[in-house]
Amino acid sequence: MAVISVQNLKKHFGKTKAVDGISFEVEKGEIVGFLGPNGAGKTTAIRCLMDFIRPSEGKIEIFGLDARKNSAILKKDIGHLSSESTLYSSWTGQEHINFLEKIRGVSQLDEELIQNLKFDAHKKVSALSTGNRRKLGIILALMHQPKLLILDEPTVGLDPLLQNYIYEILKAQVAKGNTVLMSSHNLAEVEKICDRAIVLKEGKIVTVETMSDLRAKKIYTIYAYFEGNVPKKELTADGAELIKEFSGGLALKVKGDIKPLISKLVDYKNLKDLEITHASLEEVFMEFYK
Amino acid sequence: MLTLFTKTIRKSLISLVIYTIISVAFVWMYVALFPSIFKEREKLKEAFEAYPEGLLQAFAIEIDTFVGSLEGFMAGEYFSFLWPIILIIMVITFASAAIAGEIDKGTIELLLAQPISRLKIFLAKYFSGLSIITAFVFLSNFSVVPFATLHNVDYRIQNYLAVSIIGFLFAFAIFSICMMISSFSSTRGRPAAITGGMLIIMYGLNLFSSFQESLSSLKYASFFHYYDFNSAVVHNQIDILNIALFLVVGIVTTIIGAIIFIKRDIATI
């Protein structure tokens, strides 16, 4: 049974289709990244999962239960971090922790998290920097060791050291058999810690792939160097995309089978040199947003 | 639910103390003033008799009781305008902050992410607000007792109980309406503006209805007509219709507010 099962989820605000028919599953022990630029529908989808907003259509199940009907029960096992980390400005971090302990029971992890994140729990939230507010949000999401973590942009505003610490925590959670769904527009972050990425564009899923599959997408960049005439027209005629032209050569992007273009290139007597590279993950990712 | 209830009470405690101190200070001032008013009652009666009848009616002033008893004086000076204004400001402030204020600040997501149903969140907010109102109504009104004793003024305690009951019911209806508006709003200013606007119109209707005979039926559309402080504090009487109206309005709008809050989308910016 999948920890999260989403079927044909739609959320429309009037004419705006914030989420438009997405379906996906997250299995136990996975870290899955919701990837996409601002406005792709990541936060809206997360808010539907958390039952903050109600789907226009579709079905969401968490731990096999309807996420709306069993919202309060399910939240015992869910740790959530919102994208803004908005907290009570007149309270200290410790007061937030105490408040959640009264609702959810005593935490065994809060002291360790406070120490490792180097967080001053006695300062009022109004006196905390954005990064420190984020730390408090993370402590509150993790302190009751939930089986499922739903995190909206968890590392925004954190320095690289703390980002790495968060990655370690998330990996440790998964090692314990817990599950993480996190949104991000930071590809490097998703590449670093996620098992799979759900790539969203304008409310729709463009692909759901493992990180290795995503990396293995057959997109190549070919640099061809010529002596004298550069056969630009001939080379771009069969689907190869011209990236740039320079003195004595050009750079081409090729998707799919590379062999026909290579055969064509080697037939040119004036071909001086050839350089073929795999596209970076970022370039693969950008393909979805064209 | 109890955690959220106590959290809301704690958060509102300073405001409650401030509002109560302001009201108690006015009560003290009026009680301290009353012995000199009583001493000069004949001259004051003459002065009041020169006033237009409609004006006295509009502010529910009965000349004989106004100068002849502490309850009449308090009715004209305190319960007619000052106390309901403080009460209304307090009620609107709490109700607007309860739901819309949490959404406005974004803190509602922290509550919604906890294993508490939306109904319990609504009820915790609702009952904490009602508790604050109850505390304010009784603390401010019964402060008459020590000040009257201090200044050797006769008082009828049961009349203050009666005015507290009708005052509480008046506040209950306004609080419930404002909570209902707060339930479908996402900014704190909206329920405050709508409820405030509604009460200004109601106050105007009640005022105009007492000046013009032809407009007298307008008073039935105003809560201020049913908030009959004069009968309560001067005569120790509460019309059952007034009680019923405030209760029905309060209960119906509370149910609507709870349903809206349970069903609505809650998205912070």
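Residues numbered from 1 in each chain as written. Chains lettered and ligands numbered in written order. Predicted model: local features only at pLDDT ≥ 70, side-chain atom pairs only at ≥ 80, totals over all residues. Heavy atoms only, no water.

## With respect to the interface of chain A and chain B
We count it as follows: Working rule for contacts: check all heavy atoms of both residues, and any pair within 4.5 Å makes them a contact. Polar contact is the term for a pair of N or O atoms within 3.5 Å; when the atoms are in protein, one must be able to donate a hydrogen and the other to accept it, and sequence-neighboring residues count only if both atoms are side-chain atoms. Labels follow the DSSP assignment, with helices taken as runs of H or I lasting at least four residues and strands as runs of E lasting at least two, numbered in each case from the N terminus. Following the grouping adopted for this structure description, the nonpolar residues are Ala, Val, Leu, Ile, Met, Phe, Trp, Tyr, Cys and Pro, the charged ones are Asp, Glu, Lys and Arg, and the polar ones are all others, Gly among them.
Opposite the 28 residues of chain A that make contact, chain B presents 27 residues. Our count for the chain A to chain B interface comes out at 13 residue pairs in polar contact (both at pLDDT 80 or more). Of all the secondary-structure elements, those providing two or more residues to the side of chain A that touches chain B are β1 (4-13), β6 (78-81) and α3 (93-104) of chain A. Among the residues making up the side of chain A that touches chain B, the classes are represented as 13 nonpolar, four polar and 11 charged.

## Quick notes on empty space enclosed by the protein
Put simply, the rule is: Here a cavity denotes grid points, spaced 1 Å and computed from the protein atoms alone, that fit a 1.4 Å probe unable to get out, and a pocket denotes an open set having protein on both sides within 12 Å along at least 5 of 7 lines; residues with an atom within 4 Å of a point are the lining. Grid points are joined across faces, edges and corners, and a volume is the space filled by probe spheres set on the points.
A full pass over the atoms with the stated rule returns four cavities of 30 Å³ or more. Considering the residues around the largest cavity, the lining is formed by 19 residues, among which A:H80, A:L81, A:G137, A:L140 and B:L110 are closest to the centre. Counting only elements with at least two residues in the lining of the largest cavity, the list comes to β6, α3 and α5 (130-142) of chain A together with α7 (108-112) of chain B. If you tally residues by element for the lining of the largest cavity, the top one is β6(A), at four residues. Per-class residue counts for the lining of the largest cavity are nine nonpolar, eight polar and two charged. Counted as a void, the second largest cavity has a volume near 50 Å³. What lines the second largest cavity is simply A:L81, A:I138, A:A141, A:L142, A:L151, A:P154, A:I166, A:I169 and A:L170.

## Observations regarding the domain arrangement of chain A
Definition in use: Those domain boundaries reflect an automatic or database domain assignment.
Domain parsing of chain A yields domain 1 (4-87 + 144-215) and domain 2 (218-288). Relative placement of domain 1 of chain A and domain 2 of chain A: their C-alpha centres are 38 Å apart.

## Some remarks on the packing of aromatic side chains
All names here are of chain B. Operational definition: Pairing of aromatic rings covers Phe, Tyr and Trp, the last counted by its six-membered ring, and requires centre-to-centre distances within 6.5 Å; plane angles under 30 degrees mean stacked, over 60 mean edge-to-face, and any other angle means tilted. Whether a residue is buried, partly exposed or exposed follows from its accessible area with a 1.4 Å probe, protein chains only, as a fraction of its type maximum: under 20%, in between, or over 50%, in that order.
Scanning the entire structure with this criterion turns up 29 aromatic pairs over all chains. Between Y126 and F175 the ring centres are 5.4 Å apart and the planes differ by 45°, which places this aromatic pair in the tilted class. Of this pair, Y126 sits in helix α8 (residues 118-142) while F175 sits in helix α10 (residues 157-184), and the two are 49 residues apart along the sequence. We note that Y126, like F175, is buried. In this structure an aromatic cluster arises from ring pairing among F26, Y30, F34, F38, F73, Y78, F79, W83, F136 and Y160.

## Looking at the packing of α8(B) against α10(B)
All names here are of chain B. Keep this limit in mind: Throughout, an axis means a line fitted to C-alpha atoms (over the contacting stretch in the case of helices), and angles, computed between N-to-C directions, take values from 0 to 180 degrees. Should an angle fall under 35 degrees it is called roughly parallel, over 145 degrees roughly antiparallel, and 65 to 115 degrees roughly perpendicular, with every other angle called oblique. It is the rotation of the near helix from the far one that decides the hand of a crossing: anticlockwise by less than a right angle makes it left-handed, clockwise makes it right-handed.
In the contact formed by α8 and α10, the axes pass within 9 Å of each other and the chain directions differ by 150°. By the angle class used here, α8 and α10 are roughly antiparallel. Considering how the two elements wind past one another, α8 and α10 form a crossing that is right-handed. Each of F122, K125, Y126, G129, L130, I133, T134, V137, F138, N141 and F142 in α8 lies in contact with α10, whose residues at this interface are I157, Y160, L161, V163, S164, F168, A171, F172, F175, S176, M179 and S183.

## Thoughts on the layout of surface pockets
Residues and elements named next belong to chain A. The computed volume of the second largest pocket comes to approximately 350 Å³. Considering the residues around the second largest pocket, the lining is formed by 17 residues, among which N38, T43, S83, E84 and E153 are closest to the centre. Among the elements of the structure, α1 (42-49) and α5 are those that each provide at least two residues to the lining of the second largest pocket. Classifying every residue of the lining of the second largest pocket gives three nonpolar, eight polar and six charged.

## Observations concerning the pairing of strand β8 (residues 179-184) of chain A
Residues and elements named next belong to chain A. Note the cut-off: Think of it this way: DSSP has to see at least two bridges between two strands before they count as a pair. Handedness rule for crossovers: strands pointing away from the viewer, path from the first strand over the helix to the second running clockwise, crossover right-handed.
Counting buried positions along β8 yields six of six residues, so the element is predominantly enclosed. The two faces of β8 match: T179, L181 and S183 on one face and V180, M182 and S184 on the other face are all buried. Bridging between strand β3 (residues 31-35) and β8 involves five bridges; their strand directions are parallel. Note that in β8 the partner of V32 across the bridge is L181. In this sheet, β8 lies alongside strand β7 (residues 148-152) in parallel orientation, the contact comprising five bridges. Looking at β8, one finds that L149 is bridged to V180. Crossover connection from β7 via helix α6 (residues 160-175) to parallel β8: handedness right-handed.

## Focus: a nonpolar patch on the surface
Test applied: Patch criteria: residues need more than 30% relative accessible area and no salt bridge. Like-charged residues are merged within 9 Å; nonpolar side chains of Val, Leu, Ile, Met, Phe, Trp and Tyr are merged within 5 Å. The accessible surface values rely on the Shrake-Rupley method and a 1.4 Å probe; as for residues, cover is taken only from the protein chains in view. Salt bridge, as used here: a side-chain nitrogen of Lys or Arg that lies within 4 Å of a carboxyl oxygen of Asp or Glu.
A contiguous nonpolar patch, built from B:Y51, B:L55, B:F208, B:F211, B:L215 and B:L218 and spanning about 520 Å² of accessible area, is present on the exposed surface. Mapped onto the elements of the fold, B:F208 is located in helix α11 (residues 189-211).

## Overview of the packing of α8(B) against helix α14 (residues 240-263) of chain B
All names here are of chain B. Where α8 contacts α14, the two axes come as close as 9 Å, and the packing angle between them is 140°. With respect to α14, the element α8 is oriented oblique. Along this stretch, α8 crosses α14, giving a crossing that reads as right-handed. Two secondary-structure elements touch here, α8 through R118, L119, I121, F122 and Y126 and α14 through G250, T254, G257, A258, F261, I262 and K263. For the contact of α8 with α14, the residue count by class is seven nonpolar, three polar and two charged.

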